Amino acid sequence: MNFQPDSNLDSFRQEVRLFLGRNLPADMPRRKDGMRSPRAELVRWQRILNANGWGAPYWTKEHGGTGWSVAQRLVFDEECAAAGTPSLDAFAHKLVGPVINYFATPEQKAEHLAPIFNGDRLWCQGFSEPGSGSDLASLRTRAERDGDHYVVNGQKIWTSYAHQADWIFLLVRTGNETKKQAGISFLLVDMKTPGITVRPIISIDGCHHLNETFFDNVRVPVGNLVGTEGEGWKLTKFLLNNEHATTADLPTLRRFHRQLQALAGTARACGVTLAERHEFLLRLARYEAELKAITVMVQRVAEMEQDHSPAAHAMGSMLKIRGTELQQKMSEFLVESLGDHGAVSYPDPHAQQAPTGATLPPQETAQGVATEMFFRRATTIYGGTSEIQRSIIARTLFHF
Ligand SMILES: Cc1cc2nc3c(=O)[nH]c(=O)nc-3n(C[C@H](O)[C@H](O)[C@H](O)COP(=O)(O)OP(=O)(O)OC[C@H]3O[C@@H](n4cnc5c(N)ncnc54)[C@H](O)[C@@H]3O)c2cc1C
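Conventions and cut-offs
- Residues numbered from 1 in each chain as written.
- Predicted model: local features only at pLDDT ≥ 70, side-chain atom pairs only at ≥ 80, totals over all residues.
- Near = placed C-beta within 6 Å.
- Helix = DSSP H or I, 4+ residues; strand = E, 2+ residues; numbered from the N terminus.
- Nonpolar A, V, L, I, M, F, W, Y, C, P; charged D, E, K, R; others polar.
- Domains from an automatic or database assignment.
- Pairing = 2+ DSSP bridges.
- Axes fitted to C-alpha atoms, helices over the stretch in contact; angles between N-to-C directions.
- Parallel < 35°, antiparallel > 145°, perpendicular 65-115°, else oblique.
- Left-handed = near helix turned anticlockwise from the far one by under 90°.
- Contact = placed C-beta atoms within 7 Å.
- pLDDT = per-residue confidence, 0-100.

Visitor: Outline the site of the ligand, supporting the account with residue identities and numerical values.
Guide: Close to the ligand lie 18 residues, the nearest being Phe127, Gly133, Ser134, Thr385 and Glu387. Only β1 (123-126) and α11 (386-398) provide two or more residues apiece to the shell around the ligand. Its residues assigned to classes, the shell around the ligand comprises eight nonpolar, nine polar and one charged. Two domains each put at least three residues into the shell around the ligand: domain 2 (123-232) and domain 3 (250-398).

See below:
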C-alpha cells in the first residue's frame, strides 16, 4: 500500500472545493449533522449538481456518472460534509441506481435514470420484514402473477424515508422453491399505487426516519420486474456488496473530531477548559488514534475496491464494525463533553418548524448533538448488524 500523499488527489480536492465554492448557494442551510436533509434541500442540491455535470458522483462514465475513482468519491463526500452541503438520496445513488444501471432493460433505464439525475424521484428500500432482517432471504411478502401485473401482499418494516419517497425497490417472493434464496424477485414500485400504506415509527432520537410499509393487493406492472423472475437474490447480493470503503462514514468521524477539538478550547467545567483536563485529552487522543487507523483502512479498502479484489468484502465488514463503533463512542463523548447542554434534545430536523418555547443552549455546537448520539445507536444495526459483519469476516477469511 502506498502511504505517500497523492498529488492527483490533492488537485482533485482543490477542484471539488472550487466547485462547492461556486455552486453551493449562500442561502442554502448548511448541514451540521450526518442526518438526511429535508426533501426540498436534497432535491435542490441534486439539481445543482446535475446542472453542473456532477449529477451521479458515484457512477461510471458509461452510466452517465462522473467516472471518479473510489478515492475521488471519498474526497467528494468528505468535502461536501465539511462544506455542509445537503445529502444525496443514497437509496437512489448507491443502491437501486447501480442495479438499474447493470440489470435493467433499456425501457426501465429510460423511465428511471433521468429522474434520479434531476432529483425528481426519491427512492426507499423495501427489504426488511418483521422476522426477516439479518435473515433477509426468509422474507414472506408475496407477488402473484395476474395477467400482466403482479399482485403484492405483505409487510415491510424499518423502511427509511418511505414517507418522502416516490418509488420503492422491493424484494418479493414469487416462487415456492425450498431453498429460501430462490424464488425472490426484485420489483420497482410507484409509492402512489393503490394499496400501499405507510405508518411512521418514531425512533429513540425522537425523529421520524422509519416506517412500516403495508402492501394490500398492490398491482405492479410486470414491466417493473428487474432481472429475471425468481432470481432477485443475485441482484440483492450485488446491491448489498456494492459499497465497502464508505461504510465507516469517515466524513462523520472527522466532523465529530472537529466538534470535539472546538469544544476542548471553549467549553469549561469547574472553572477550567476541557483542554486542561487530563482525562478529556487522553480520551480525545485515543479516538484520534482510532480515527487515523480507520483512515488508513479506508484507503486500503478503496484500493482493493478499485481493483475488484474479493478481500474488499471482508475488509469492508471490518471497516463497518470499527467505523460505526467509533461513531457511537465519539458521539457519546460529545454529549458528555457538553455537560448540561449535551442533554438537550432537539426538534426533528425534518419538521417544518421548530417547536415554540424550546430553550436552546447558547453554544451552537450543542445543537442536534444528543439527537445524533441517539441516532448513531442504529449504525451497528442497519446495513448489516455487527454480528453479521463478524460472520462475514470469519467466513471469508477463515472459510467457515
Ligand atoms: C435506522 C435503521 C434504518 C433502516 N433502514 C432500512 C431500510 O430503509 N430498508 C430496509 O429494508 N431495512 C432497513 N433497516 C433494517 C435493517 O436492515 C435491519 O434492522 C437489520 O438487517 C437487522 O435485522 P433485524 O432488525 O430484523 O434484527 P435481527 O436480524 O432479528 O437481529 C436481532 C439480533 O440478533 C443478531 N443476529 C441475527 N442473526 C444472527 C446470526 N446469524 N448470527 C449472530 N447474530 C445474529 C443480530 O446481530 C441482532 O443483534 C433499517 C434499520 C435501522 C435500525
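Visitor: I'd love a proper account of the domain arrangement of the protein chain, names of residues and values included.
Guide: Each assigned domain of the protein chain is listed here: domain 1 (7-88), domain 2 (123-232) and domain 3 (250-398). Just the C-alpha atoms count here: the centres of domain 1 and domain 2 sit 30 Å apart.

Visitor: Tell me about the pairing of strand β7 (residues 210-221), and name the residues and values.
Guide: Two strands pair when backbone bridges link them, and strand β3 (residues 149-157) and β7 are joined in this way by eight bridges, in the antiparallel orientation. Across the sheet, Tyr150 pairs through a bridge with Val220, a residue of β7. Relative to β7, strand β6 (residues 196-201) runs antiparallel, the two sharing six bridges. Each residue of the ladder has a partner; that of Ile196, found in β7, is Phe215.

Visitor: Describe the packing of helix α7 (residues 250-266) against helix α8 (residues 278-306), and please don't skip the residues or the numbers.
Guide: Running from N to C, α7 and α8 point in directions that differ by 155 degrees, and their axes come no closer than 11 Å. Accordingly, the angle class assigned to the pair α7 and α8 is roughly antiparallel. α8 is crossed by α7, and the crossing has left-handed handedness. Contacts between α7 and α8 pair Leu250, Leu253, His257, Leu260 and Ala264 from the former with Phe280, Leu284, Glu288, Leu291, Ile294, Thr295 and Val298 from the latter. For the contact of α7 with α8, a count of residues per class yields nine nonpolar, two polar and one charged.

Visitor: I'd like a rundown of the environment of Asn217, residues and numbers included.
Guide: Along the chain, Asn217 turns up in strand β7. Remark: the alpha-carbon pair of Asn217 and Asp205, spanning 12 residues in sequence, is separated by 34 Å. Setting aside its immediate chain neighbours within four residues, Asn217 contacts Val151, Asn153 and Gly195.

Visitor: Provide a residue-level description of the confidence of the model for the protein chain, including the pertinent values.
Guide: Parts of the model with low pLDDT should not have their predicted coordinates read in detail. Within the protein chain, residue pLDDT values average 91, and 93% of them lie at 70 or more. Counting interchain partners and residues more than four positions distant, the pLDDT-below-50 stretch residues 350-362 has 10 contacts.

Visitor: Tell me what's going on with the packing of α8 against helix α9 (residues 311-337), and back it up with residues and numbers.
Guide: It is at 10 Å that the axes of α8 and α9 come closest, and there the two elements cross at 155 degrees. On the basis of the axis angle, α8 is roughly antiparallel to α9. With respect to the hand of their crossing, α8 and α9 are arranged in left-handed fashion. Taking contact as the criterion, the partners of Phe280, Arg283, Tyr287, Glu290, Leu291, Ile294, Met297, Val298, Arg300, Val301, Met304 and Glu305 in α8 are, on α9, Ala311, Ala312, Met315, Gly316, Leu319, Arg322, Gly323, Leu326, Lys329, Met330, Phe333 and Ser337. In terms of residue class, the contact of α8 with α9 is built from 15 nonpolar, three polar and six charged.

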